[in-house]
Amino acid sequence: MGTTSMLQKPIIRTPALETPPAEFRAALSQLTSGVSLVTAHDPDGEDLGMTATSLVSISLSPPLVLISLRNGSRMQELLARIGTWAVSLLGEEHRALAACFATSGRLSDRALFADMQFRRGHWSRAPLVDHALSIIECRTENQMVAGDHTIVIGQVLEARVSEGTAPPPLLYLRGEYRTLP
Ligand SMILES: Cc1cc2nc3c(=O)[nH]c(=O)nc-3n(C[C@H](O)[C@H](O)[C@H](O)COP(=O)(O)O)c2cc1C
């Protein structure tokens, strides 16, 4: 059987610039992503957290990762001011936490952190989620505005895998949180 018979009607039209945002979103919603919580500690303010699927591993030597932050989001504005941050890769048990830290229009994350179990990162002082699959602490190496988002490249200062049995990961696909069968 040819592979083309398995493909649906194309939803991307050419030229690419004419692709309506809804179709672009629909196409990309087919990408299964791991879910992370990006956190940062503002020495002049509060801790901040943001649910993100944009974490990408870029380089091993030196170790670099990137996250993509919507311009004007509180996290993007904070990381324009401070140099260190952290990422906790979330597990199944963190589904509710991920939903809370994705709510738009929050004025403060104080109450969310009060309900959450975490310890502070050595380098960033950012909250690191207890029982996360793994934890990464970063120092911003570079930032680049890309459309309506800013790509933040982080030099990895410390990376640690959860001790004991690896917890099952939290995934995001087609607009919903998922778990492995
Ligand atoms: C599963 C999921 C993944 C998300 N990934 C990102 C991301 O990678 N970058 C981003 O800027 N926003 C992402 N968001 C949206 C932010 O979590 C959300 O806009 C933010 O927490 C709202 O805070 P704000 O009001 O400060 O923008 C994601 C939302 C969900 C539900």
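Our subject is the structure that appears above.
Because the structure is predicted, anything quoted here is derived from the model rather than measured. (Residues numbered from 1 in each chain as written. Predicted model: local features only at pLDDT ≥ 70, side-chain atom pairs only at ≥ 80, totals over all residues. Heavy atoms only, no water.)

Below, the discussion takes up the overall build of the protein. The helix and strand tally for the protein stands at four helices and 12 strands. Expected size for 181 residues packed as a compact globule is a radius of gyration near 16 Å; at 18 Å, the protein falls within 12% of this value. When the backbone C-alpha atoms are referred to their principal axes, the protein occupies close to 55 × 40 × 40 Å. Expressed as a percentage of its 181 residues, the buried residues of the protein come to 35%. Across the protein, contacts joining residues at least 24 apart in sequence account for 62% of those joining residues at least 6 apart. Surface summary for the protein: the accessible area is close to 11,100 Å², and the carbon and sulfur share equals 57%. Within the protein, the 18 negative side-chain charges are centred at a point lying 4 Å from the centre of the 16 positive side-chain charges. (Helix = DSSP H or I, 4+ residues; strand = E, 2+ residues; numbered from the N terminus. Rg over C-alpha atoms; globule rule 2.2 N^0.38 Å. Buried < 20%, exposed > 50% of the residue type's maximum accessible area, 1.4 Å probe, protein only. Contact = heavy atoms within 4.5 Å. Areas by Shrake-Rupley, 256 points an atom, 1.4 Å probe, with all protein chains shown as cover. Lys, Arg positive; Asp, Glu negative; His and termini not counted. Charge placed at Lys NZ, Arg CZ, Asp CG, Glu CD.)

The next point concerns unusual backbone geometry. A cis amide bond links Ser61 to the next residue, Pro62, at an omega of 5 degrees. Within the secondary structure layout, Pro62 lies in the loop between strand E4 (56–59) and strand E5 (64–70). A positive phi angle is found at Arg125, which is not glycine, with a value near 60 degrees. Position of Arg125 among the secondary structure elements: in the loop between strand E7 (118–120) and strand E8 (127–129).

Take Arg174: it is sitting in the loop between strand E11 (170–173) and strand E12 (176–179). Taking the C-alpha atoms as reference points, Arg174 and Ile67, separated by 107 residues in sequence, lie 20 Å from one another. Apart from the residues lying within four places of it in its own chain, the contact partners of Arg174 are Ser29 and Gln30.

This paragraph deals with the site of the ligand. What surrounds the ligand is a group of 19 residues, the closest being Thr51, Ser54, Ser68, Arg70 and Phe101. Within the backbone of Thr53, an N or O atom sits 3.1 Å from a nitrogen atom of the ligand. Side-chain polar atom of Ser54 to an oxygen atom of the ligand: 2.7 Å apart, as the coordinates give it. Contact with the protein chains removes 83% of the 630 Å² of surface that the ligand exposes when unbound. At the level of secondary structure, the elements contributing two or more residues to the shell around the ligand comprise strand E3 (47–52) and E5. Considering only residue class, the shell around the ligand consists of seven nonpolar, nine polar and three charged. (Near = heavy atom within 4 Å. Polar contact = N/O pair within 3.5 Å; in protein donor to acceptor, adjacent residues only side chain to side chain. Nonpolar A, V, L, I, M, F, W, Y, C, P; charged D, E, K, R; others polar.)

Taken together, Phe24, Leu28 and Leu31 make up a surface patch of nonpolar side chains, about 310 Å² in accessible area. Position of Phe24 relative to the elements: it lies in helix H1 (residues 21–28). For Phe24, a relative accessible area of 48% corresponds to the partly exposed category. (Patch = residues over 30% accessible without salt bridge, like charges linked within 9 Å, V, L, I, M, F, W, Y side chains within 5 Å. Salt bridge = Lys/Arg side-chain N within 4 Å of Asp/Glu carboxyl O.)

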